[in-house]
Amino acid sequence: MTSAAVPGSRAPGPSVAPVHVEAELLATRRLGAYRLLTFAAAGVAERFRPGAVVALSLGPERLARRSFWVHRVRPVGGHGASVDVVLAPGAPGSGSAWLAAQPVGTRLPLTGPLGRPFALPREPVDCLLVGVEASAAVLFPLAERLRERGCGVHLLLGARDEAHLLSALEARRTARSVTVVTADGSVGRRGDVGGALPERVARLDPDVLYAAGPLPTLHAVAAAAEAHGAWSQTAVEVPSPCATGLCHGCPLPVVGEDGAPREVRACTEGPVVRGDRVRWADLTGDPWAGPAADPAPVRAAGPAGERP
Amino acid sequence: MSAGEVRLGALRLPGPVVVAAGCGGTGRELAGFVDLSRLGAFTTRSVTRDPRPGPPGPRLVEAPSGLLHATGLANPGLQHFLAVELPWLVAAGARVVVSVSGADLGEYAELGRRLAHAPGVAAVEVAATSPEEPPGLLSAREPFHAASVVGAVRRDLPVDLPVVAKLRADVPRVAEAARAVVDAGAAAVVVGGALPAALPDGRPAGLGGPAALPVTRRCLAELRERVDLGGVAVLAGAGATTAADVRGLLAAGADAVQVGTALLHDPTAAARLVDDLEETPA
Ligand code: FES
């Protein structure tokens, strides 16, 4: 895939050169069912564009790396800018559980920013941002950037319950409208984003749809955009064990500019790709799912899956 | 020959740290973390005549002290490689060892023929023994199979272009296999590559990383004790992560060390190893 661009947009191109640094965990706090980790990572925040990820090495006994959407970058006294990531811990033995237990002051190798970020429209157009649970983290810096450009920003956020809903209050500061759906109805409407999507698209008439979440959600957003004549940018979560383009372990099936099916690396040519370019049928299901001997899958709050 | 220089047949490498096949991306991605010209050599991902899409994920899975890989030798095919990836690597100053894999001896011979005139190829590595044994590719389980493949690749290459034979991580037969491929024209052998293993779902995979380091050591010991390869260079395959690992493998008889899984965990690993080895010569 050579272009994830929205016409009339600034094509993101490959990300600026990432840096590999020893990051220091500055803060860790609960955020509903999640943990918010704040890292001082020199040079990463300065290069960051919404949609990019950072990859962490979790110590010598865990060789695959863990990637996370960057939720926020902000200035911190004495550290330059810091990087926030949202962690969805809980699965036994997972890297996320280990990471969530690390105390402030822990130092970890961190590489970033990695991958292609979201393409941003040049014109101030209306945008609908659709996010599910922890994956929605990546939409918050995007919303800010879109608003700075004069775009109308509308958010549709979904989760199983209130605890898994990410920062809806914070979203209201940035967005012109925020719609919340939860499976148990504990906050917002009862339902899922797929169900709420057609009504939102019809009412808001967006020019661009951005999506972050599980594959069925991304697929639904891509299809809704196509049906509506809008563009879509989907942040695809494919397990990315090295996250740096070295191992070819993160296949993302796409259709090239020439219409031919091909495979790109999610961590370098993605993780954000145009929704109409992804061969969704070849990417559905949990890529970690296997026979019973394979332990239950664990997904990070980012494009890298994890092994228990 | 200056200190630290390594000879692979007629080829001289400035140092012993070599990027292993399949672990350096197309080279561009790694170049953000290490100056490729500082490496002994850069081994490409294995290239086949035609493009190979590779299997669906998961392709890399953690194992205790290792990484399992089953990428199926996905690659864009020789034509794309020669047109796009090779010129970029050459321009970046890399000494390019082109890893090749094929379905049969005819394909290997064709790969050798077409690489013979490609500008900038420093050596050709024969990957006929991938522990993944991907469908549609020849699996040279027996030493004489590996020797046939080396012979097929060797035939049309210029005499001064070395063929590196990557051997199966088969400890009892490594000396026999080394003897066979050297007789067939290999100027260097890689021993102790990723071990034959399986993913949790049973698909064949290769196991690389620290778990494989003791096996690499044993392969070097087997070579040392059981076979005289004359001046043929020996590259140590899987498992090195630290400069101490590299020094240990050099002391055990390796001329150079391939670094792979370490790069996937830390993309700066090769740069770090080159720096560390320069700081305190072994
Ligand atoms: S995760 Fe290794 S190439 Fe994408």
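Residues numbered from 1 in each chain as written. Chains lettered and ligands numbered in written order. Predicted model: local features only at pLDDT ≥ 70, side-chain atom pairs only at ≥ 80, totals over all residues. Heavy atoms only, no water.

Asks: What exactly am I supposed to notice about the overall build of chain B here?
Replies: Summing up its helical and strand segments, chain B has nine helices and 14 strands in all. Whereas a compact globule of 282 residues would reach a radius of gyration of roughly 19 Å, chain B reaches 17 Å, a difference of no more than 12%. With respect to the three principal axes, the spread of C-alpha positions in chain B is 45 × 45 × 40 Å. Looking at chain B residue by residue over its 282 residues, the buried ones come to 60%. Of the contacts formed within chain B by residues at least 6 apart in sequence, a portion of 70% connects residues at least 24 apart. Summed over its atoms, the accessible surface of chain B is roughly 10200 Å², and 55% of this surface lies on carbon and sulfur atoms. (Helix = DSSP H or I, 4+ residues; strand = E, 2+ residues; numbered from the N terminus. Rg over C-alpha atoms; globule rule 2.2 N^0.38 Å. Buried < 20%, exposed > 50% of the residue type's maximum accessible area, 1.4 Å probe, protein only. Contact = heavy atoms within 4.5 Å. Areas by Shrake-Rupley, 256 points an atom, 1.4 Å probe, with all protein chains shown as cover.)

Asks: How should the pattern of salt bridges be read in this particular structure?
Replies: Pairs can form between side chains of opposite charge once their charged atoms are near each other. In the structure shown here, the tally under the stated rule is 36 salt bridges over all chains. The network of salt bridges with shared partners includes Arg49(B), Asp50(B), Glu107(B), Glu110(B) and Arg114(B). (Salt bridge = Lys/Arg side-chain N within 4 Å of Asp/Glu carboxyl O.)

Asks: When you look at the domain arrangement of chain A in this model, what are you seeing that I'm missing?
Replies: Frequently, the measure chosen for interface size is the accessible area removed from exposure when the parts meet. Residue and element names in this part refer to chain A. The domains assigned to chain A are domain 1 (19-114) and domain 2 (126-282). Between the C-alpha centres of domain 1 and domain 2 the distance comes to 22 Å. Across the contact, 21 residues belong to domain 1 and 25 residues belong to domain 2. Roughly 1800 Å² of surface becomes buried between domain 1 and domain 2 when both sides are summed, with 67% attributable to carbon and sulfur atoms. Sorting the residues of domain 1 by area buried against domain 2 places Tyr34, Trp69 and His71 first, and these three jointly supply 39% of that buried surface. For the interface between domain 1 and domain 2, the tally reads zero salt bridges. Counting every contact that joins domain 1 to domain 2 gives six residue pairs in polar contact (both at pLDDT 80 or more). Elements with a minimum of two residues in the side of domain 1 that touches domain 2: strand 4 (53-56), strand 5 (66-69) and strand 8 (107-114). (Domains from an automatic or database assignment. Buried area = accessible area lost by both parts, 1.4 Å probe. Polar contact = N/O pair within 3.5 Å; in protein donor to acceptor, adjacent residues only side chain to side chain.)

Asks: Explanation requested: the nonpolar core in the structure shown.
Replies: Most often, soluble globular proteins keep nonpolar side chains buried together rather than apart. Ranked by internal contacts, the top residues of the largest apolar core, which has 81 residues, are Leu167(B), Val181(B), Val189(B), Val191(B), Leu223(B), Leu229(B) and Leu263(B). The residues contacting Leu223(B), other than those within four sequence positions of it, are Val174(B), Ala175(B), Ala178(B), Val189(B), Val191(B), Leu229(B) and Val234(B). Residues Ala134(A), Cys151(A), Ala171(A) and Val272(A) belong to the second largest nonpolar core, which totals 40 residues. (Core = buried A, V, L, I, M, F, W, Y, C linked by side-chain atoms within 4.5 Å.)

Asks: Would you mind showing me how to read the interface of chain A and chain B here?
Replies: Taken together, the 29 residues of chain A in the interface contact 34 residues of chain B. With both chains or domains summed, chain A and chain B bury close to 2500 Å², and 63% of this area falls on carbon and sulfur atoms. When residues of chain A are sorted by the area they lose upon contact with chain B, Leu63(A), Leu246(A) and His248(A) head the list and together hold 31% of the total. Taken together, the connections running from chain A to chain B amount to three salt bridges. Across the pair Glu29(B) and Arg265(A) runs a salt bridge, and its minimum N-O distance is 2.9 Å. Summed over the shared surface of chain A and chain B, the number is 13 residue pairs in polar contact (both at pLDDT 80 or more). Residue composition of the side of chain A that touches chain B, by class: 13 nonpolar, nine polar and seven charged. (Nonpolar A, V, L, I, M, F, W, Y, C, P; charged D, E, K, R; others polar.)

Asks: Looking at this structure, how should I read the packing of aromatic side chains?
Replies: What characterises a pair of aromatic rings is the spacing of the ring centres plus the angle enclosed by the ring planes. Residues and elements named next belong to chain A. Following the criterion strictly, the structure yields one aromatic pair over all chains and no others. Taken together, a centroid distance of 5.4 Å and an interplanar angle of 90 degrees make the contact between Phe118 and Tyr210 edge-to-face. In this pair, Phe118 is assigned in the loop between strand 8 and strand 9 (120-121) and Tyr210 in strand 14 (residues 208-212), connecting sequence segments 92 residues apart. As far as burial versus exposure is concerned, Phe118 and Tyr210 are alike and both buried. (Phe/Tyr/Trp six-rings, centres within 6.5 Å; stacked < 30°, edge-to-face > 60°.)

Asks: It is not clear to me how the environment of Ala212(B) should be interpreted in this structure. Could you clarify?
Replies: Residue and element names in this part refer to chain B. In this structure, Ala212 sits in the loop between strand 12 (204-208) and helix 6 (213-226). Among the residues examined, Ala212 registers a relative accessible area of 0% and is labelled buried. Sequence spacing of Ala212 and Gly231 is 19 residues, and the spatial spacing of their C-alpha atoms is 26 Å. Aside from chain neighbours lying at most four places away, what touches Ala212 is Leu195, Leu207 and Ala238.

Asks: In this structure, what is going on with the environment of Ser232(A)? I would like to understand it.
Replies: Residues and elements named next belong to chain A. Structurally, the position occupied by Ser232 is in strand 15 (residues 231-235). Overall, the relative accessible area of 4% leaves Ser232 in the buried class. Between the alpha carbons of Ser232 and Gly245 there is a distance of 24 Å; along the sequence they are 13 residues apart. Other than its neighbours up to four places away in sequence, Ser232 contacts Leu209, Val221, Ala222, Ala225, Val273, Arg274, Gly275 and Asp276.

Asks: Just checking my understanding: could you explain the UniProt feature "domain: Dihydroorotate dehydrogenase catalytic" (unreviewed entry) in chain B for this structure?
Replies: Taking the UniProt record as the reference, the feature "domain: Dihydroorotate dehydrogenase catalytic" (unreviewed entry) is found at residues 9-279 of chain B. As a span, residues 9-279 of chain B carries 34% helix and 20% strand, and end to end its C-alpha atoms are 27 Å apart. (UniProt positions renumbered as here; feature names shortened; annotations may be inferred.)

Asks: Mind showing me how you'd approach unusual backbone geometry here?
Replies: Apart from glycine, the bulk of residues carry a negative phi angle, and the bulk of peptide bonds sit in the trans form. Residue and element names in this part refer to chain A. Put simply, Gly112 and Pro113 share a cis peptide bond, and its omega is -10 degrees. For Pro113, the location among the structural elements is in strand 8. Here the amide bond leading from Gly270 into Pro271 is cis, since omega sits at 5 degrees, within 30 degrees of zero. Its location among the elements puts Pro271 in the loop between strand 17 (261-265) and strand 18 (272-274). Despite not being glycine, Ala243 shows a phi value in the positive range, around 70 degrees. By the element assignment, Ala243 lies in the loop between strand 15 and strand 16 (251-255). Given the relative accessible area of 2%, Ala243 is considered buried.

Asks: Explain the sheet that holds strand 6 (residues 66-69) of chain B to me, please; I cannot follow it from the model alone.
Replies: Residues and elements named next belong to chain B. Strand order in this open sheet of four strands is 5-6-12-11, and the pairing throughout is antiparallel. In the strand order of this sheet, the two ends are held by strand 5 (60-63) and strand 11 (195-198), each with one partner. Between one strand and the next, the sheet's axes are offset by a mean angle of 35 degrees, whatever the strand orientation. Both strand 11 and strand 12 contribute to a ladder of four bridges, which runs antiparallel. Pairing of Ala198 across the sheet is with Pro204, part of strand 12. (Pairing = 2+ DSSP bridges. Axes fitted to C-alpha atoms, helices over the stretch in contact; angles between N-to-C directions.)

Asks: Just to check I follow, could you spell out the confidence of the model for chain B for this structure?
Replies: Detailed reading of the predicted coordinates is not advisable wherever pLDDT falls low. Residue-level pLDDT values for chain B average 94, and 98% of them are 70 or greater. Listed scores for the predicted complex are pTM 0.91 and ipTM 0.95. (pLDDT = per-residue confidence, 0-100.)

Asks: I tried to follow the sheet that holds strand 10 (residues 126-132) of chain A on my own but got confused; where do I start?
Replies: Two modes of strand pairing occur in sheets, parallel and antiparallel, and in both the strands are linked by backbone hydrogen bonds. Residues and elements named next belong to chain A. Strands sit in the order 13-12-11-10-14-15-18 across an open sheet of seven strands; the sheet is mixed. Two strands close off the open sheet at either side, each with one partner strand: strand 13 (189-190) and strand 18. Pairing of strand 15 with strand 18, which is carried by three bridges, proceeds in the antiparallel orientation. Residue pairing in the sheet places Thr234 in a bridge with Val273 of strand 18. Docked against the sheet, helix 3 (residues 139-148) engages strand 10, strand 11 (152-159) and strand 14, running at close to 170 degrees with respect to strand 10.

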